[in-house]
Amino acid sequence: MPCVLIYGAESSVIKQMGDRVPDSEVLITRNAAEVKKHICYNEITMIIIDLEWREKKGVELADYIRQVPRQCMTPILFLANNRKLEWWAFHEIHCYDYIIKPIAPMQIMQILVLCMKRMADNEKNRPIIFTVGKDRYPIYPREILYLDRTDRSVTIHTTTINLRVPSLSLGEFVDVFGEQFVRIHRGTVVNRSYIRCIDLKNMVLEMKNGCGYLDIGRTYIGAVRKEFDETNFKLYNTGK
C-alpha cells in the first residue's frame, strides 16, 4: 500500500485532510525527529512538507531527505504561502510540485492520486531482474508471454528468448506482478496481454500471435473465472 508522509501536523490544511488519502497509509508527523525515523525505516511513496509551518525546519528536512539514499528520488510536495523558496524547491530539491496556498484539501489529494498513479505506471514499465547463477537478466514484463514450471526450475517464455530460472516461486511472482499476470495452473502463469481466448469448458487458454494453447488446471478454473469480469470474459471467449 502506498505510504504518504506529511510534515505539518498543526497546519490548518493538513488538519482538514486528516488521513483521508485514498488507498494509502498516511503518516502525519509533528517534528523533524519523527520524519527522520519514518524515512529511515519505512517505504515512503510521497512526502508533503508544509513550509508555512516551521519553514526553517521544513527546509532542513528536505535537504536531509535528499541525502538519504533510499529517499533521494521520493516525490516531495511543498505547501507554501509565497514563492520565495520556489526556485530552491525545484532546482535544489527537485520536488514534484510547489503549491501556493490557499488550497483545498481535496485538490491536494487529487495531486497525490495523480502522482502515485504515474509512479505505479512507471513501476510497471521497469524490467524484472531474474538471476541465474552469477548472471542477471533484465526482462520487461511486456516481453514475457508466460512462465512454465518444470521440475525445480521455471522457464520464462518471452517474445525473443526462453530463460530457465532455478528456484523461482510462481506464487511469489504473482503476489508481486498479479496485476499484469494471472495463474492458470499450478505450474503456469500467463501475461494477460497475450491471452486471446479462454475456453473453460475444455480447460484451455489460447495465446495470441500463434503462440499456442495452455492448459487451465482444474483447481484454477474458479480463480480464472473470478479474474475476469463478465465483459472481459465474453471478450476473451470470442477471441476478439
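What counts, and where the lines are drawn
- By convention here, each chain's residues receive numbers from 1 onward along its written sequence.
- pLDDT decides what is reported in this predicted model: residues at 70 or higher carry local features, side-chain atom pairs at 80 or more are listed and counted, and totals for whole chains, interfaces and linings draw on all residues regardless.
- Values shown for side chains rest on all heavy atoms present in the structure; no hydrogens or waters enter the calculation.
- By salt bridge we mean one thing: a side-chain nitrogen of Lys or Arg within 4 Å of a carboxyl oxygen of Asp or Glu.
- In this text, helices come from DSSP runs of H or I with a minimum length of four residues, and strands from runs of E with a minimum of two, each type numbered from the N-terminal end.
- Three exposure classes are used, based on accessible area relative to the maximum for each residue type with a 1.4 Å probe and protein chains only: buried under 20%, partly exposed in between, and exposed over 50%.
- Nonpolar side chains (Val, Leu, Ile, Met, Phe, Trp, Tyr) are joined into patches within 5 Å and like charges within 9 Å, using only residues with over 30% relative accessible area and no salt bridge.
- We get accessible surface area from the Shrake-Rupley algorithm with a probe of 1.4 Å; when it comes to residues, only the shown protein chains can shield them.
- Within this scheme the basic residues Lys and Arg register as positive and the acidic residues Asp and Glu register as negative, but His and the chain ends are omitted.
- Charge coordinates come from a single atom per side chain, which is NZ of Lys, CZ of Arg, CG of Asp or CD of Glu.
- Two strands pair under a simple rule: DSSP has to find at least two bridges between them.
- We call a crossover right-handed when, viewed with the strands running away from us, the connection from the first strand over the helix to the second turns clockwise.
- An axis is simply a line fitted to the C-alpha atoms; with a helix, the fit covers only the stretch in contact. Between two such axes, the angle follows the N-to-C directions and lies from 0 to 180 degrees.

Trainee: Just give me the short version of the pattern of salt bridges, but keep the residues and values in it.
Mentor: Following the criterion strictly, the structure yields 4 salt bridges and no others. The closest approach of N and O atoms between Glu55 and Lys84, which form a salt bridge, is 3.1 Å. Within this pair, whereas Glu55 is found in helix α3 (residues 55–65), its partner Lys84 is found in the loop between β4 (76–80) and α4 (86–91), the two being separated by 29 residues in sequence. Two residues, Glu86 and Arg83, come together in a salt bridge whose shortest N-O distance is 3.0 Å. Its relative accessible area of 23% is what places Glu86 among the partly exposed residues.

Trainee: Before we move on, could you go through a positive patch on the surface and cite the residues and values that matter?
Mentor: Judged by side-chain charge, Lys36, Arg54, Lys56 and Lys57 come together as a positively charged surface patch. In this fold, Lys56 is placed in helix α3. Look at Lys56 and you get exposed, because its relative accessible area is 63%.

Trainee: Can you break down the pairing of strand β5 (residues 97–100) residue by residue, with the values?
Mentor: Pairing of β4 with β5 involves 4 bridges; the strand directions are parallel. What sits directly across from Leu77, in β5, is Asp97. In this fold, the crossover linking β4 to β5 by way of α4 has right-handed handedness.

Trainee: Before we move on, could you go through the sheet that holds β4 and cite the residues and values that matter?
Mentor: Pairing in this open sheet of 5 strands is parallel, and the strands run β2-β1-β3-β4-β5 from one edge to the other. Looking at strand neighbours, the two that pair on one side only are β2 (25–29) and β5, the edges of this open sheet. Direction aside, the axes of adjacent strands within the sheet are offset by 15 degrees on average. Here strand β3 (residues 46–50) runs beside β4; their pairing, made up of 4 bridges, is parallel. When the bridges of β4 are listed, Asp50 appears paired with Leu79.

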